[in-house]
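Examination of the molecular architecture
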Amino acid sequence: MALRPVMVNIKALDHSAVGRFWAEALGWSAYSPGVTTYVGPGGGLVWPDPVVVGIDVVPVPEPKTTAKNRVHLDLATISAAHQAELVARLQSLGATPADVGQGKVPWTVLADPEGNEFCVLEPREIYRDTGPIARVVVDCTDPQAMARFWGEAMSWTLHEVTDDHAVWRSAKGVGPYLEFFRTPDVKTVPDRVHLDLLPYSGDDKAAEVARLRDLGATDLDLGQGDVPWTCLADTEGHEFCVLAPSH
């Protein structure tokens, strides 16, 4: 038994507008299957997608605080010209330059129309086959501990773990990477962005949630009420949700 990441969940005051931004940014489509805006590849809504990790933009009444999100997306490029062109296009869509203390780096840090930080990476060979999202990055204080927890929680393959980072990718070798990256900052506030995970068909969600609690996950009350998903936090307090199986 194990879980797979299927969506990056982003909270927004205007979920439709933020969803449209990310659809345009990634060259995907925005779908409205319910009260949220789901962003995934064009050609019709497929969920869960067998390759990509989609984006689900959820409406909330509170604006983003000035605190930097601890989860963000890194976008892939294939050349210096592509990177410059993508940055310009994203800014024309409403993205703004963001300073998170990155200094002089080869990637560009931007924020979406509601201030959620993300990066446009310089060309890197490792990300040539990931699709538009190169990786999902999570700030943490102890990548080794995150490797232990998430390595047991997920079905994805652990590619590398050091004192500075832990890196996974789907066992099928498709889609984006997931990287927990060491930062000196301790998590203090609920994040605007989190991962949603899904059991595989035939697996029992309640059993999966119980297994995660045994690994050290704790229950989380975000005011969600009676919903079919379960909100948890990992051993460093990163929020995530376990969704109900689709079939």
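A short tour of the structure in this document, coming up. Keep in mind the model is a prediction, meaning the values are calculated, not measured.

Our next topic: empty space enclosed by the protein. Tallied over the full model, the rule gives 3 cavities of 30 Å³ or more. Every residue along the wall of the largest cavity is listed here: Val 71, Val 138, Trp 150, Phe 180, Asp 191, Val 193, His 194, Leu 195, Asp 234, His 238, Glu 239 and Phe 240. Secondary structure elements with two or more residues in the lining of the largest cavity: β13 (193–199) and β16 (239–242). With 3 residues, β13 is the largest single contributor of residues to the lining of the largest cavity.

Relative to the elements of secondary structure, Thr 130 occurs in the loop between β8 (117–120) and β9 (133–140). Thr 130 sits in the buried class, given a relative accessible area of 6%. Here the side chain of Thr 130 touches Tyr 127 through a polar contact of 3.1 Å, landing on its backbone oxygen. At 3.4 Å, the side chain of Thr 130 forms a polar contact with the backbone oxygen of Ile 133. With near-sequence residues (within four places) excluded, Thr 130 lies in contact with Ala 76, Arg 169, Gly 175, Pro 176 and Tyr 177.

In this structure, Gly 216 sits in the loop between α4 (205–215) and β14 (218–219). When the C-alpha atoms of Gly 216 and Glu 236 are compared, they prove to be 9.6 Å apart, with 20 residues separating the residues in sequence. Contacts of Gly 216, omitting those with residues within four sequence positions, involve Phe 149 and Thr 235.

The 8 strands are arranged β6-β7-β8-β5-β9-β12-β11-β10 in an open sheet whose pairing can be described as mixed. Two strands lie at the open edges of the sheet, namely β6 (96–97) and β10 (157–161), each paired on one side alone. Relative to strand β7 (residues 108–111), β6 is paired through 2 bridges, and the arrangement is antiparallel. For Thr 96, the partnering residue across the bridge sits in β7 and is Ala 111. Along the sheet, helix α1 (residues 15–26) makes contact with β5 (71–75), β8 and β9, crossing β5 at roughly 30°.

For the rest of this paragraph, the subject is unusual backbone geometry. Cis rather than trans, the peptide bond between Trp 47 and Pro 48 has omega equal to -5°. Mapping Pro 48 onto the fold places it in the loop between β3 (37–40) and β4 (54–59).

Compared with an ideal rise of 1.5 Å per residue, which puts 12 residues at 16 Å, α1 spans 16 Å between its outermost C-alpha atoms and is within 8% of the ideal. When we look at burial in α1, the residues that qualify are His 15, Val 18, Gly 19, Phe 21, Trp 22, Ala 23, Ala 25 and Leu 26. Gly 27 occupies a position one or two residues after α1 and carries a positive phi of about 75°.

In this structure the tally under the stated criterion is 0 disulfides. Free cysteine: Cys 140, not disulfide-bonded; nearest cysteine sulfur from Cys 119 at 16 Å. No disulfide involves Cys 231; its nearest neighbouring cysteine sulfur is the one of Cys 241, lying 3.5 Å away. Judged by its relative accessible area of 4%, Cys 231 falls in the buried class.

Trp 22, Leu 90 and Trp 150 are the most contacted members of the largest nonpolar core, which totals 50 residues. A per-element tally of this core places α1 first, with 6 residues. Each residue touching Trp 150, except ones within four places of it in the same chain, is listed here: Trp 168, Phe 180, Leu 197, Asp 234 and Phe 240. With 10 residues, the next largest nonpolar core counts Ala 76, Leu 121, Tyr 127 and Val 167 among its residues.

Side chains carrying opposite charge are able to pair once their charged atoms draw close together. Under the defined criterion, the tally for this structure stands at 10 salt bridges. Residue Lys 68 pairs with Asp 139 through a salt bridge whose shortest N-O separation is 2.7 Å. Taken together, the positions of Lys 68 in the loop between β4 and β5 and Asp 139 in strand β9 put the pair 71 residues apart, joining distant regions of the chain. For Asp 139, a relative accessible area of 8% translates into the label buried. Where Arg 128 meets Glu 125, a salt bridge forms, and the shortest distance between an N and an O atom there is 2.9 Å.

The rules behind the values
Residues numbered from 1 in each chain as written. Predicted model: local features only at pLDDT ≥ 70, side-chain atom pairs only at ≥ 80, totals over all residues. Heavy atoms only, no water. 1 Å grid on protein atoms, 1.4 Å probe; cavity = no way out; pocket = protein on both sides within 12 Å on 5 of 7 lines; lining within 4 Å. Points joined across faces, edges and corners; volume = space filled by probe spheres on them. Helix = DSSP H or I, 4+ residues; strand = E, 2+ residues; numbered from the N terminus. Buried < 20%, exposed > 50% of the residue type's maximum accessible area, 1.4 Å probe, protein only. Polar contact = N/O pair within 3.5 Å; in protein donor to acceptor, adjacent residues only side chain to side chain. Contact = heavy atoms within 4.5 Å. Pairing = 2+ DSSP bridges. Axes fitted to C-alpha atoms, helices over the stretch in contact; angles between N-to-C directions. Expected span 1.5 Å × (residues − 1). Disulfide = S-S within 2.5 Å. Core = buried A, V, L, I, M, F, W, Y, C linked by side-chain atoms within 4.5 Å. Salt bridge = Lys/Arg side-chain N within 4 Å of Asp/Glu carboxyl O.

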